[in-house]
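A structural walkthrough
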Amino acid sequence: MIAHPPASVLRSRTHKRHAAGFWLIAVAYMAAMIFNAIPTPLYPLYQARDGFSMAVVTVVFGVFAFGVAAGLILLGHVSDWIGRKRILIPALVLELIAAVIFLVFPELPGLLIGRLLGGLGVGMIAGTATAHLYELHTAHRPDDGPERFEIVSTGANVGGLAIGPLLGGVLAQYVSAPLRTPYIVSGVLLVLAIVAVVFTPETVKALPVRPSYRPQRVSLNHGNRGAFLTALITGFVAFAITGVYTAISAGFTAGELSIPSHMLAGTVAFVLMGAATLAQTATSRLPLFLRQTLGLGAGMVGLVLLAVGVQTGSLIEFLLAGVLGGAGSGMLTKAAIGAVAALATPSKRGEALSGLFLICYAGMSLPAIGVGIAVLYVGLAVAVYYLSAILLLVLIGAGVAMGVDSARRRRLTSVVTDVGLPDSA
């Protein structure tokens, strides 16, 4: 007779696999974001070599965001039906193909194609990896709250976006072949990421009968409509701050300040994303409404400093704008992801998170492209001034939405308490 391990041993092994898988998916997610952020400090090199303007840089940035949107709309939600790994592995392979294109086709058309494919891969990865992390976390620690998941998922996303520019800037500054070496390094990371996903447990059972395919749609039907809409608005604004700052950072330091340091360009972007990551960690135990309020306040001050820094040509104010804007963006992003992951049912979690990221990347791309077009007519300082004013108005609207949702939840809690029902009613 074959002796089978006790059930407790099997559960222990399963928990260990989910624990390891949680970190493997986080590393793979971060590797993808590092690769897609690496070109940020390299754009001045492309500009100097090919002679295109900052407006073209924002178009390249917009092409990436368009790819993200396409990935989210077409495939970001499909992992709810066929499994997380069946989307993550092809998406990472797509990122690896983009890295090869950057290496063998370094001219502007190749840059556009590579950024489009990279964005398509991120669109497939963002909601899928976030849902996978949530499920691995709850499988390993079913009695824990969502704080660990929120910190790690947003840290992998934003942390990767922070490390990418810094790594790209350092390699471009101190290593030969600055338009090749960063992509070789990130390509190796992507190969390791694919291996990591292969060894991670699947958390979704493929449906015996798959639903009829349809593109992703942004639906508010995920429980509390007010909370879900608030998450979409805050996610949009958070990524808008990130997108505008990142899109103009290299051009501002190399053009407006006449400081052609690739490491400085990467450091400027690192400051923004690093502040976002630190703010997410530092405020993880704060109540949701307080975290959202702090994020809104920091984002508003950051936008004002961004407009002033560009207007005066001050690197110090530009960096401070990155610190405060990044902190605000990080807190708002973390709050939005945590809210949507908790609101959505398991069968629609990938769909809900993909919908959130679709709105987020619209926030990242549309304002950045708007600045690029406006620069052709009114100059960078005026373009950033007006865009900052528009985003400030959106932040105020987001604050009003948060206040209304918070007041509604307080009234509901008061009613539940008055009638003597349990809080879960």
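Counting of residues starts from 1 at the beginning of each chain's written sequence and follows it residue by residue. Local features in this predicted model are restricted to residues whose pLDDT is 70 or higher, and side-chain atom pairs enter the listing and the counts only when it is 80 or higher, whereas totals over whole chains, interfaces and linings include all residues. The basis for every side-chain value is the complete set of non-hydrogen atoms in the structure, without hydrogens or water.

Before going further, it helps to examine the overall build of the chain. For the purposes of this entry, the term helix denotes a DSSP run of H or I that reaches at least four residues, the term strand denotes a run of E that reaches at least two, and both are numbered from the N terminus. Along its length, the chain carries 14 helices and zero strands. Starting at the N terminus and ending at the C terminus, the chain contains elements arranged as α-α-α-α-α-α-α-α-α-α-α-α-α-α. Only protein chains enter the calculation, and the probe is 1.4 Å; a residue is then buried if its accessible area is under 20% of its type maximum, exposed if over 50%, and partly exposed in between. Considering the chain as a whole, with its 425 residues, one finds that 54% of them fall into the buried category. Accessible surface is estimated by sampling points in the Shrake-Rupley manner with a 1.4 Å probe; for residues, cover comes only from the protein chains shown. Put simply, the chain shows about 17300 Å² of open surface, and 71% of that area lies on carbon and sulfur atoms.

Moving on, we come to the confidence of the model for the chain. The share of residues in the chain with pLDDT of 70 or more is 90%, and the mean pLDDT across the chain is 83. When the criterion is pLDDT under 50, residues 416-425 qualifies, and its contacts beyond four places in sequence or with other chains add up to three contacts. Here pLDDT means the predictor's own confidence in every residue, given as a number from 0 to 100. Note on contacts: a residue pair qualifies if any of its non-hydrogen atoms lie within 4.5 Å across the two residues.

A separate point is the packing of helix α7 (residues 147-174) against helix α10 (residues 262-282). Close contact between α7 and α10 brings their axes to 8 Å; oriented N to C, the two are set at 165°. What the angle tells us is that α7 and α10 run roughly antiparallel. As for how α7 packs across α10, the hand of that crossing is left-handed. Note on residue classes: Ala, Val, Leu, Ile, Met, Phe, Trp, Tyr, Cys and Pro are nonpolar, Asp, Glu, Lys and Arg are charged, and everything else, Gly too, is polar. Each residue belonging to the contact of α7 with α10 can be placed in one class, and the counts come to 15 nonpolar, 12 polar and no charged. Every axis in this analysis is a line fitted to C-alpha atoms, fitted for helices over the stretch in contact. Angles between the N-to-C directions lie between 0 and 180 degrees. Angles are sorted into four bins: roughly parallel if under 35 degrees, roughly antiparallel if over 145, roughly perpendicular if 65 to 115, and oblique for all others. By convention the crossing between two helices is left-handed if the near helix lies anticlockwise of the far one by an angle smaller than a right angle, and right-handed if it lies clockwise.

Below, the discussion takes up the pattern of salt bridges. Each reported salt bridge corresponds to a side-chain nitrogen of Lys or Arg within 4 Å of a carboxyl oxygen of Asp or Glu. In total, this model carries five salt bridges according to the counting rule given. Here Glu 150 makes a salt bridge to Arg 291, at a shortest N to O gap of 3.5 Å. With Glu 150 in helix α7 and Arg 291 in helix α11 (residues 288-312), the pair connects residues that are 141 residues apart, well separated along the chain. For the pair shown, Glu 150 and Arg 291 are each scored as buried. Beyond isolated ion pairs, a larger network of salt bridges with shared partners links Asp 80, Arg 84 and Glu 135.

Contact geometry for helix α5 (residues 85-104) and helix α6 (residues 108-140): axes closest at 8 Å, N-to-C directions at 155°. If you check the angle between α5 and α6, you find them roughly antiparallel. As for how α5 packs across α6, the hand of that crossing is left-handed. Taken together, the residues of the contact of α5 with α6 sort by class into 18 nonpolar, six polar and three charged.

Turning to the environment of Gly 110, a few remarks are in order. With respect to the secondary-structure elements, Gly 110 resides in helix α6. A residue is classified by how much of its surface remains accessible, and Gly 110, at 0% relative accessible area, is buried. The sequence separation of Gly 110 and Ala 98 amounts to 12 residues, and the corresponding C-alpha distance is 9.1 Å.

Membership of the largest hydrophobic core comes to 109 residues, with the highest contact counts inside it found for Tyr 29, Leu 92, Leu 306 and Tyr 361. Top contributing element to this core by residue count: helix α9 (residues 225-256), with 13 residues. Residues in contact with Tyr 29, not counting those within four places in the same chain, are Ile 125, Ala 126, Ala 129, Thr 130, Leu 133, Ser 153, Ala 156, Asn 157 and Phe 357. What is meant by a nonpolar core is a set of buried Ala, Val, Leu, Ile, Met, Phe, Trp, Tyr and Cys residues, joined one to another through side-chain atoms within 4.5 Å.

A residue counts toward a patch only above 30% relative accessible area and without a salt bridge, and it is joined to like-charged neighbours within 9 Å or, for Val, Leu, Ile, Met, Phe, Trp and Tyr, to nonpolar neighbours within 5 Å. On the surface, a cluster of nonpolar side chains totalling about 780 Å² of accessible area is made up of Ile 373, Leu 376, Tyr 377, Val 378, Val 382, Tyr 385 and Tyr 386. Here the element with the most residues in the nonpolar patch is helix α13 (residues 349-378); it accounts for four residues. Relative to the helices and strands, Tyr 386 is located in helix α14 (residues 380-418). Residue Tyr 386 is classed as exposed on the basis of its relative accessible area, which comes to 53%.

Position of Gln 280 relative to the elements: it lies in helix α10. Here a polar contact is taken to be a pair of N or O atoms separated by no more than 3.5 Å, where protein atoms must pair a possible hydrogen donor with a possible acceptor and residues adjacent in sequence count only if both atoms sit in side chains. At 3.3 Å, the side chain of Gln 280 forms a polar contact with the backbone oxygen of Gly 330. The contacts of Gln 280, once residues within four sequence positions are left out, are Thr 154, Gly 155, Val 158, Gly 330, Met 331, Thr 333 and Lys 334.

Our next topic: helix α3 (residues 54-74). The first and last C-alpha atoms of α3 sit 30 Å apart over 21 residues, in line with the 30 Å expected at 1.5 Å per residue. α3 sits mainly inside the fold: 15 of its 21 residues count as buried. Expected span of a helix, by definition, is 1.5 Å for each gap between consecutive residues, and there is one gap fewer than residues.

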